[in-house]
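Observations on the three-dimensional arrangement
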Amino acid sequence: MKLELAQREVNGSRNARSWRTILLGNGQLMAGVFIFALVMAVALFADGLALRPYDAMDLGNRLQPPGTGGPLGTDQFGRDLFSRVVYGSRIALRVGLIVVTIETVLGVTMGLFAGYYGGWVDRVIASVTDVTWALPPIVLALAIVTALGPSLNNVIIAIALVSWAGYARLIRTKTQGLKNMPFVEAARALGESDLSIMFRYILPNTFGLVIVLATLSLPGAILSTTALSFLGLGSQPPAPDWGVILNEGIRHLYDAPWISVFPGLAIVCTALGFNLLGEGLRDVLDPRMKV
Amino acid sequence: MAGTPNGTPLLQVTDLVKYFPVKAGALQRVVNHVRAVDGVTFTLARGQTLGLVGESGCGKTTLARVILRLIPATSGQVTFEGREVLKVPADVLRQLRREMQVIFQDPFSSLNPRMKVGSIVAEPLSIHTAMSRTERLRRVEELLEVVGLAGRDATRYPHEFSGGQRQRIGIARALVLNPKLIVCDEPVSALDVSIQSQILNLLNRLQKSYGLTYIFIAHGLHVIKHVSDRVAVMYLGKLVEETEADVLFEGPLHPYTRALVAAIPVPDPAARKIRAALQGDVPSPINPPPGCRFHTRCTEALPQCSQTEPPLVQVSAGHRVACHLYHGA
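Here we summarise the structure given alongside this text. (Residues numbered from 1 in each chain as written. Chains lettered and ligands numbered in written order. Predicted model: local features only at pLDDT ≥ 70, side-chain atom pairs only at ≥ 80, totals over all residues.)

1. What about unusual backbone geometry?
Residues and elements named next belong to chain B.
- The phi torsion at aspartate 15 lies on the positive side, around 50 degrees, for a residue other than glycine.
- In this structure, aspartate 15 sits in strand S1 (residues 11-24).
- Aspartate 15 sits in the exposed class, given 12 other C-beta atoms within 10 Å.
- The residue arginine 69 is not glycine, and still its phi comes out positive at about 60 degrees.
- Looking at the element boundaries, arginine 69 is found in the loop between helix H1 (60-67) and strand S4 (75-80).
- Owing to 20 C-beta atoms within 10 Å, arginine 69 belongs among the buried residues under this scheme. (Helix = DSSP H or I, 4+ residues; strand = E, 2+ residues; numbered from the N terminus. Buried ≥ 20, exposed ≤ 12 C-beta atoms within 10 Å, placed from the backbone.)

2. Side note on the nonpolar core
- Of all hydrophobic cores here, the largest spans 158 residues; its most connected members are B:Val121, B:Ile215, B:Phe216 and B:Val233.
- In contact with B:Val121, not counting residues within four places along its chain, are B:Val140, B:Leu143, B:Leu144, B:Ile169, B:Ala172, B:Arg173 and B:Val176. (Core = buried A, V, L, I, M, F, W, Y, C linked by C-beta atoms within 7 Å. Contact = placed C-beta atoms within 7 Å.)

3. Topic: the sheet that holds strand S2 (residues 29-44) of chain B
Residue and element names in this part refer to chain B.
- Taken together, the 4 strands give an open sheet; going across it, the order is S2-S1-S4-S5, and neighbouring strands pair in antiparallel fashion. Every interior strand has two partners, whereas the edge strands, S2 and strand S5 (83-84), have only one.
- Sheet topology note: the S4/S5 ladder contains 2 bridges and is antiparallel. For threonine 79, the partnering residue across the bridge sits in S5 and is glutamate 84. (Pairing = 2+ DSSP bridges.)

4. Focus: the sheet that holds strand S10 (residues 238-244) of chain B
Residues and elements named next belong to chain B.
- Taken in spatial order, the 8 strands make up an open sheet running S6-S7-S8-S3-S9-S10-S12-S11, and their pairing is mixed. At either end of the open sheet lies a strand with only one pairing partner, and these are strand S6 (100-103) and strand S11 (313-316). Shown here is a sheet whose adjacent strand axes are inclined to one another by a mean of 25 degrees, direction ignored.
- Strands strand S3 (49-53), strand S9 (230-235) and S10 of the sheet are contacted by helix H9 (residues 255-262), whose axis makes an angle of about 110 degrees with S9. (Axes fitted to C-alpha atoms, helices over the stretch in contact; angles between N-to-C directions.)

5. What about the interface of chain B and chain A?
- Counting residues at the interface gives 21 residues for chain B and 16 residues for chain A.
- For the side of chain B that touches chain A, the secondary-structure elements that each account for two or more residues are helix H2 (90-99), S6 and helix H3 (117-128) of chain B.
- The element contributing the most residues to the side of chain B that touches chain A is H3(B), with 4 residues.
- Of the residues in the side of chain B that touches chain A, the class split is 9 nonpolar, 6 polar and 6 charged. (Nonpolar A, V, L, I, M, F, W, Y, C, P; charged D, E, K, R; others polar.)

6. Quick word on the pairing of strand S8 (residues 213-218) of chain B
Residues and elements named next belong to chain B.
- Extensive coverage of S8 is indicated by the burial of 6 of its 6 residues.
- Residues Thr213, Ile215 and Ile217 line one face of S8 and the alternating positions Tyr214, Phe216 and Ala218 line the opposite face, and both faces are buried.
- Pairing geometry for S3 and S8, over 5 bridges, is parallel. By the bridge assignment, valine 53 is partnered in S8 with alanine 218.
- Looking at chain direction, strand S7 (residues 181-185) and S8 are connected through 5 bridges and run parallel. Bridging across to S8, valine 183 finds its partner in isoleucine 215.
- Following the chain from S7 across helix H6 (residues 193-210) to the adjacent parallel S8, one finds a crossover that is right-handed. (Right-handed = clockwise from strand over helix to strand, strands pointing away.)

In short, geometric facts, not functional conclusions.
Rendered as C-alpha cells:
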C-alpha cells in the first residue's frame, strides 16, 4: 500500500518534471519560441515601437545612415526605416499565417481523402496536384495575380493555390501507410465512420508532419509574397511590406544599403524563428518522446 | 453437423471464398488470383471456442477479416444469429459490429498512439451508445480492472505500457460493448512466453464469466490446446481437418495435422520423440498444387492425391477430414 502510493507519487512527479525538462531542454524550441515571441511582440506593439508613422516623409533627411537618421536610418523619401520594418512585420505575419492556414486546410483535406479512399478519388486529386506541382510556382502565382489584378489579397490566394500540392502529396502518402495500421482496422471493426477515422485516427498521427510542413512553408509563404510585392504585384508602394522596401532599396544599394539590408534581415530572422519553432514542436509533440 | 447444444449456432460460415487479384503489366490487368480463402465451411456454437490453426500465409487472418466484413468476400455466406453478415445494409452492419469484436495480433500497432487508454476503450461506447462521459469513464475503469489493469491507467498513453498490458487494453476495448463473438487474431504470438499464459488465462476467465464465443487464431497448436473446444486446421486457404480439441490432440487424422501435433514441444527432456517434421515450404497460394494441396509435402501421398481434390467429409461424429486416406476406398 505504502509502496504503491510512493510509486504513484514518483510517476506523478516524473510526468510534471519531464514535461518541463523536455520543453526547456529543447534548445531549438526555446530559440524558436524566443524569436517567434519577439516577432509577435513587434507586430502587436508596432504602434508603440514605431517612432513615426510608416509613411511620414521628411525630404530634408533623405538616405540618412543608421544612427544619425533614426535607429536604422532613412530611405529615399526620408521615411524612418525602423518604423517601416516594424510595421512590415504585421503584413508579413498576417500574410504568412493566412497563406499557411489556407494551404494546410486545403492540402491536408485533399491528401486525407486521396490517401484514404484511393481509386478514382485518388486519381483525380493526384492529377490535380501533379499539374500544380509541374508548373513553376512563382510563374503560376504570377499568372493568377495577373488574372485577378495586383493586390495583397490576390497574392495570398495565388500563393495558397500554388503551394497546397506539397501538403496533399505528403499527407496522401502518410495516410496510405496509416490506413492499413491495425488500429485503423480496429476502428473500422468498431463501426467508426470514414470521416471519424480520417479526422480522429489518421489526422492526429500526421500532426508532426503537418507542423513541420507548416513552419517550413511559413517562411516560404512570406518569401513568395514579398517576392511578388517586390515585383510590384502585391502590396502597393506606401505600404511598409518588406518586399516593397527591398525593392525600393535596390536603386540605392551602393549609396544606402541599409534600406535593403534591414528588411532582408527581418525576413531571415522570421524564417529562422519559425523553422526552429517547428522542429522543436515536432520533437515535443510526439507522445513517444515523453518517456 | 448442426447438432449444437444450444440449438442454432451463433456463427455459420458457408463456402467462404476470398481471392485477391494479382495485377501486372502497364494496364494493370488481372493476371491471376491469390486464393487466400478457398471454400471454407464451419459452424460455431454459442459459448464455444474454435481454434483456427495453420502456418503463416495459409489464410487464417484473411478468413477472420472476411468474417468480420473488414474486407469484402469474393463469394460465400456468413450467418451470425440468422443475419447475413456479408449482405446486410450499413445500419444493420453497425449493429452487428457491437456483437462481433476482434483482438489483434500486434498490441503495439493496434492502439492509436495519439489517444489515451481511456478514450481507446471508451470509443466503442461513444459510437454505439448514448452514455454520458461519466458513465463511459466508469465503465472503462471497471473494464480495465476486469482485464487486470488499474482504473487510473485510463489517463495514460499506450506507449507507457508493456506488450502484455497493451494486449489487455485491446481486450478491454473488444469487451466494452458486451459482444457475443470475439475473433482473437493470434493475440499472444507477439508476447513473451511468460506473458502468453497470463493472457490465455484471462481470455478463458472472461469467456466463462461473460459467456463469450471465440474464434481463436494461432499458428501453433500448443497455444490452441489451452483455449479451444473445437479445432479447425487450415492449409493454403482450405480446412483440412475439423473436430473436438481432445479428439484432435489424441488422434489427429490428416497427415498435416499429425505433423503439427508432433511439433508441440514436450516438456520432458528424456522424451526423445521421433518427429514427423514438415519438409519444405508452403506452396504459393497463387497457383496451388492440383489435387490435394498438401500432397507436395505429404509423406503418405497416394497416386490420386495429385489428381483429385479430397472433399472435407465427416469420418465420425463431429470429425471432418479432407484426405484420401480416410475416404472409403
